[in-house]
Amino acid sequence: MIESHAPVSNTTEEVVAELQRRSEFVMVSHVKPDGDTLGAGLALGIALKRLGKRVLYFQQDAVPRNLRFLPQTEHVSREIPADLSPDALWVFGDMSDKERAGEFLPNITRENILDIDHHLGNTHFGAFNYVIATECSTGTVVMHLLRGLGVEVDREIATCILTTIMTDTGGFIHSNTTPEVLELSAELMRKGADKEQITEEIFANKRLAAVRLLGSALDVLCITHDGRYCYSYITDKMLAAAGADGEDTEEIVNVLRGIENVEVSALFKAFEGEIRVSLRSNGRINVQAAAARLNGGGHFRASGLTYHGTLEAAIAAVESALTAEGL
């Protein structure tokens, strides 16, 4: 009989016991942070502080403009104090591997890593791994731990968790918006989370520069495969012309996917010395599998990767990967 070597996550009880045992924590967000990685870390961090624990927040990049409304973001930093205990537990949220935390991450032993995630391709890189791929966000994974810890969900925690849900369901429009997600969201709103504020901050507060950049991306978009595939790109020159920055690119790939008959969209972000690719699917094509062919990852309908090479080569490689997945 062939043994299965599929990674197995720790139970809620095992992770809760470890959280109770440790006294110091560092919540780790991934590079180019979104509302899920940051909201999940803040929610768990606030809860642990309430239990008398010392909590720090490590993030390589600055908090994005549209997430600065979240509680305690002023404590997020890439600096780690010298007096941090060697037994501190580093909690990685919403990333499939440790490298997603960036190049400024200190050297950490595996025994001091807790990996909390909901990505299909998670590598179980920690000594403790709490991965629930059926959850809509890493924040809803964290909810299981909050209940296990017996921490009351107040307005601050509710705001963080609802932000993770709003981020990863696209404001309740993606297929991961299950009845359970809506029920939890209602509960969080009753606890004080302001859905209107979260919606405004994440989806509606667009800078003029972002709108100009969207126009530039639409000017150069390409539609192929009988209208099923749409892609565009952003370059340093386009960013400068619009007066925009990397944060202003975030929603463009979703606009491309929303074009009539388009099943898969891709945005190639060729700036800051690398090419980052965002992929979106209507559900027929598994873009997580396509991204994995190029050492990327994510979800069935939303994934990404970093390509090392020219923009032209990146466009060709992504199209080939998508074609292999049935485009």
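Look above for the structure.
Conventions we followed
- Sequence positions are assigned chain by chain, starting from 1 and proceeding in written order.
- pLDDT decides what is reported in this predicted model: residues at 70 or higher carry local features, side-chain atom pairs at 80 or more are listed and counted, and totals for whole chains, interfaces and linings draw on all residues regardless.
- The basis for every side-chain value is the complete set of non-hydrogen atoms in the structure, without hydrogens or water.
- Each helix corresponds to a stretch of at least 4 residues labelled H or I by DSSP, and each strand to a stretch of at least 2 residues labelled E; elements are numbered beginning at the N terminus.
- The globule rule is 2.2 Å times the number of residues to the power 0.38, and the radius of gyration it is compared with is taken over C-alpha atoms.
- Residue contacts are counted whenever heavy atoms from the two residues lie within 4.5 Å of one another.
- Only the protein chains shown count as cover for residues, and the accessible areas themselves come from Shrake-Rupley with a 1.4 Å probe.
- Here Asp and Glu are counted as negative and Lys and Arg as positive; His is not counted, and neither are the chain ends.
- Charge positions are represented by NZ for Lys, CZ for Arg, CG for Asp and CD for Glu.
- Classification of residues uses two cut-offs on accessible area relative to the type maximum, computed with a 1.4 Å probe and protein chains only: under 20% is buried, over 50% is exposed, and between them is partly exposed.
- Disulfides are defined in this document as cysteine sulfur pairs within 2.5 Å.
- Every axis in this analysis is a line fitted to C-alpha atoms, fitted for helices over the stretch in contact. Angles between the N-to-C directions lie between 0 and 180 degrees.
- In this classification, the charged set is Asp, Glu, Lys and Arg, the nonpolar set is Ala, Val, Leu, Ile, Met, Phe, Trp, Tyr, Cys and Pro, and all remaining amino acids, among them Gly, are polar.
- One bridge is not enough; two strands pair if DSSP finds at least two bridges between them.
- Working definition: rings of Phe, Tyr and Trp (its six-membered ring) pair if their centres are within 6.5 Å, and the pair is stacked with planes under 30 degrees apart, edge-to-face with planes over 60 apart, and tilted otherwise.
- Over a ring means this: the NZ of a Lys or the CZ of an Arg is within 6 Å of the ring centre and within 35 degrees of the ring normal.

Peer 1: Quick question: what am I supposed to make of the overall build of the protein chain here?
Peer 2: Along the backbone of the protein chain there are 11 helices and 12 strands. The C-alpha radius of gyration of the protein chain comes to 20 Å, within 12% of the 20 Å expected for a compact globule of 327 residues. C-alpha atoms of the protein chain, sized along the principal axes, occupy 55 × 55 × 45 Å. Residue pairs in contact within the protein chain that sit at least 24 positions apart in sequence constitute 63% of those at least 6 positions apart. A total accessible area of about 14800 Å² is found for the protein chain, and carbon and sulfur atoms account for 50% of it. Computed over 30 positive and 46 negative side-chain charges, the inter-centroid distance for the protein chain is 2 Å.

Peer 1: In this structure, what is going on with the environment of H308? I would like to understand it.
Peer 2: Note on placement: H308 falls in the loop between β12 (302-307) and α11 (311-324). Judged by its relative accessible area of 69%, H308 is exposed. H308 sits 18 residues away from G326 along the chain, and the two C-alpha atoms are 24 Å apart.

Peer 1: What's the story with unusual backbone geometry in this structure? I'm lost.
Peer 2: Of note, the phi angle at N261 is positive, near 75°, even though the residue is not glycine. Within the secondary structure, N261 is located in the loop between α9 (252-257) and β9 (264-271). The phi dihedral of E272 is positive, around 60°, even though this residue is not glycine. Turning to its location among the elements, E272 is positioned in the loop between β9 and β10 (274-281).

Peer 1: Explain the state of the cysteines to me, please; I cannot follow it from the model alone.
Peer 2: Cysteine pairs can be covalently joined through their sulfur atoms, and such a bond is termed a disulfide. All told, the structure shown has 0 disulfides when counted by the stated rule. We note that C160 lacks a disulfide partner, and the nearest cysteine sulfur, in C136, lies 15 Å from it. Cysteine C222 is unpaired, with the sulfur of C230 as its nearest cysteine sulfur at 8.1 Å.

Peer 1: How should the packing of helix α3 (residues 138-149) against helix α4 (residues 155-168) be read in this particular structure?
Peer 2: Packed helix pairs are characterised by how far apart their axes lie and by the angle those axes make with each other. Between α3 and α4, the least distance of the axes is 8 Å, while the angle of their chain directions is 145°. Contacts between α3 and α4 pair G139, T140, V142, M143 and L146 from the former with I157, I161, T164 and I165 from the latter. Among the residues forming the contact of α3 with α4, the class breakdown is 6 nonpolar, 3 polar and no charged.

Peer 1: Help me understand the sheet that holds strand β2 (residues 54-58), please; the structure alone is not making it clear to me.
Peer 2: For sheets, the rule is that strands pair by backbone hydrogen bonds, running either parallel or antiparallel. Spatially, the 6 strands line up as an open sheet ordered β3-β2-β1-β4-β5-β6, and their pairing is parallel. Sheet topology places β3 (76-77) and β6 (128-131) at the edges, where each strand pairs with a single neighbour. In the sheet, strand β5 (residues 113-117) pairs with β6 via 4 bridges, with the strands oriented parallel. Bridge pairing in β6 links L114 to F128. Most of the contacts of helix α1 (residues 12-21) go to β6, to which it runs at about 130°, and overall it touches β1 (24-28), β4 (89-93), β5 and β6. Each of β4, β5 and β6 touches α3; the most contacted strand, β5, lies at about 120° to it.

Peer 1: What exactly am I supposed to notice about the sheet that holds strand β7 (residues 222-224) here?
Peer 2: Taken in spatial order, the 6 strands of this open sheet run β7-β8-β9-β10-β12-β11, and their pairing is mixed. Each edge of the sheet is formed by a strand with only one pairing partner; in this case those strands are β7 and β11 (297-298). Here 8 bridges tie β9 to β10, and the two strands are oriented antiparallel to one another. Looking at β10, one finds that V264 is bridged to S281. Taken strand by strand, α11 contacts β7, β8 (229-235), β9, β10 and β12, and its axis lies near 155° from that of β9.

Peer 1: It is not clear to me how the packing of aromatic side chains should be interpreted in this structure. Could you clarify?
Peer 2: Centre-to-centre distance and the angle between the planes together describe a pair of aromatic rings. As enumerated under the stated definition, the model contains 4 aromatic pairs in all. Ring centres 6.0 Å apart and planes at 85° place the aromatic pair Y231 and F268 in the edge-to-face group. A residue pair is termed long-range when its members are at least 10 positions apart, and Y231 in strand β8 and F268 in strand β9 qualify at 37 residues. Neither residue differs from the other here; Y231 and F268 are each classed as buried. Among the aromatic residues, ring-to-ring pairing joins Y229, Y231 and F268 into one connected group. Residue placement shows R78 over the ring face of F104; its charged tip is 3.9 Å from the ring centre.

By themselves these figures say nothing about function.
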